[in-house]
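# Chain and residue survey
What follows is each chain in one-letter form.
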Amino acid sequence: AFVTSWLHKPGSTNDRIWCVVVTGFPGVIGCIDGTHIPIIAPSANEGDFVNRKSFHSINVQIICDAANIITNVEAKWPGSVHDSRIFRECTLSTKFGHGEFTGHLLGDRGYPCLPYLLTPYPDPEPGPQQRYNLAHCRTRARVEMTIGMLKARFQCLRGLRVTPERACDIIVACVILHNIATIRGEQCPAEPDDSSDPHDGHPDPPTNVQDGRAVRDTICHNHFL
């Protein structure tokens, strides 16, 4: 079966590390991004797995903390599915919507701006909005770094020649081993060039359904004046 896996609950003691390691942006309990893991063309529903760069993949949702620990992985969606849909339909989104966590995630413009998932200003005005975007970018870079470390540690993720179901199991296994290696302080190999990832650039940002712009404006006003 395709895999959705909780590895660590946002809001627990471990998340206090954000206050120490990543400064300047308040209330962050994780950073979110998607990454495409290439696979061979499957025998069933082949077209569903073709991403916007025209190769077959699994689109994997990753959430990490400030220590490069992957706290949540959603590995079950074919490459044609947009990041925003993956988050919208995952259990984590429901839990945030029900107020089970205190704090918010940071995501890029591929996600809607929600009260619990903050994105950058699309056209920031000089001053507070630009400072907000800079702090957002510097903090959210943690998830890009974490994904790079994961792929550097496990070169198999550059192309899996297995069924989609098996690929999802392998992806989650690699995430667990990455966390173990990170906790043990093991050195990470140099990160490979990931310029082919379809997440480079984010056309068609989703519409704000449950609008988080008021929350974003409040944080901008209170912390970046």
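The protein chain is annotated in an unreviewed UniProt entry as Putative nuclease HARBI1 from Astatotilapia calliptera. Here is the UniProt Sequence similarities (unreviewed entry) comment for the protein chain, exactly as written: "Belongs to the HARBI1 family." What UniProt states about the protein chain under its Cofactor (unreviewed entry) heading is, verbatim, "a divalent metal cation".

Of note in the backbone geometry, N45 takes a positive phi value of approximately 55 degrees without being a glycine. Locating N45 in the fold gives a position in the loop between β2 (28-38) and β3 (57-64). Phi at S54 is positive, roughly 70 degrees, even though this residue is not glycine. Mapped onto the secondary structure, S54 falls in the loop between β2 and β3. Take S54: its relative accessible area is 61%, and that puts it in the exposed class.

Our focus in this paragraph is the pattern of salt bridges. One pass over the structure, following the stated rule, counts 8 salt bridges. In this structure, the salt-bridge partner of R140 is D33, at a minimum N-O distance of 3.6 Å. Of this pair, R140 sits in helix α4 (residues 128-153) while D33 sits in strand β2, and the two are 107 residues apart along the sequence. The exposure classification of R140 matches that of D33, with both residues buried. Taking the shortest distance from any N to any O, the salt bridge between E100 and K95 comes out at 3.7 Å. Classification of E100 by relative accessible area gives partly exposed; the value is 44%. With a relative accessible area of 25%, K95 lands in the partly exposed category.

So, about the packing of α4 against helix α6 (residues 213-223). For the pair α4 and α6, interaxial distance at closest approach is 9 Å and the crossing angle is 100 degrees. Considering the angle they form, α4 stands roughly perpendicular to α6. Counting all contacts with α4, which are made through P128, Q129 and Y132, the residues of α6 involved are R216, I219 and C220. Across the contact of α4 with α6, the residue classes tally to 4 nonpolar, 1 polar and 1 charged.

Another point: the environment of F87. Along the chain, the position of F87 falls in helix α2 (residues 83-89). Note: C-alpha distance between F87 and D33 (54 residues apart in sequence) is 9.6 Å. With near-sequence residues (within four places) excluded, F87 lies in contact with I32, Q61, L92, S93, L105, Y111, L114, Y116 and L117.

This part takes up a nonpolar patch on the surface. Among the surface-exposed residues, I176, L177 and I180 lie close enough to one another that they form a single nonpolar patch of about 250 Å² accessible area. One can find I180 in helix α5 (residues 164-183).

In this description, a pair of aromatic rings is defined by centroid distance and the angle of the planes. For the structure on display, the rule yields 8 aromatic pairs. Both rings, one in F87 and one in Y111, keep their centres 6.4 Å apart while their planes meet at 85 degrees; by these two values the pair is edge-to-face. Here the residue F87 occupies a position in helix α2, and Y111 occupies one in the loop between β5 (104-106) and β6 (117-118), the gap between them amounting to 24 residues. Each member of the pair, F87 as well as Y111, is classed as buried. Each ring, one from F96 and one from Y116, has its centre 5.4 Å from the other, and the planes form 15 degrees; the classification is stacked. Taken together, the residues F96 in helix α3 (residues 91-97) and Y116 in the loop between β5 and β6 connect sequence positions 20 residues apart. Y116 shares its class with F96; the two are buried. The lysine or arginine in question, R216, covers the ring of Y121, its NZ or CZ lying 4.4 Å from the ring centre.

You can see D211 is positioned in the loop between α5 and α6. Overall, D211 belongs to the partly exposed group, its relative accessible area being 33%. Once you skip the residues sitting within four places of it in the chain, D211 turns out to touch C113 and P115. A distance of 2.6 Å separates a polar atom in the side chain of D211 from a polar atom in the side chain of R213.

Here is what the cut-offs are and how they apply
Residues numbered from 1 in each chain as written. Predicted model: local features only at pLDDT ≥ 70, side-chain atom pairs only at ≥ 80, totals over all residues. Heavy atoms only, no water. UniProt positions renumbered as here; feature names shortened; annotations may be inferred. Helix = DSSP H or I, 4+ residues; strand = E, 2+ residues; numbered from the N terminus. Buried < 20%, exposed > 50% of the residue type's maximum accessible area, 1.4 Å probe, protein only. Salt bridge = Lys/Arg side-chain N within 4 Å of Asp/Glu carboxyl O. Axes fitted to C-alpha atoms, helices over the stretch in contact; angles between N-to-C directions. Parallel < 35°, antiparallel > 145°, perpendicular 65-115°, else oblique. Contact = heavy atoms within 4.5 Å. Nonpolar A, V, L, I, M, F, W, Y, C, P; charged D, E, K, R; others polar. Patch = residues over 30% accessible without salt bridge, like charges linked within 9 Å, V, L, I, M, F, W, Y side chains within 5 Å. Areas by Shrake-Rupley, 256 points an atom, 1.4 Å probe, with all protein chains shown as cover. Phe/Tyr/Trp six-rings, centres within 6.5 Å; stacked < 30°, edge-to-face > 60°. Lys NZ or Arg CZ within 6 Å of the ring centre and 35° of its normal. Polar contact = N/O pair within 3.5 Å; in protein donor to acceptor, adjacent residues only side chain to side chain.

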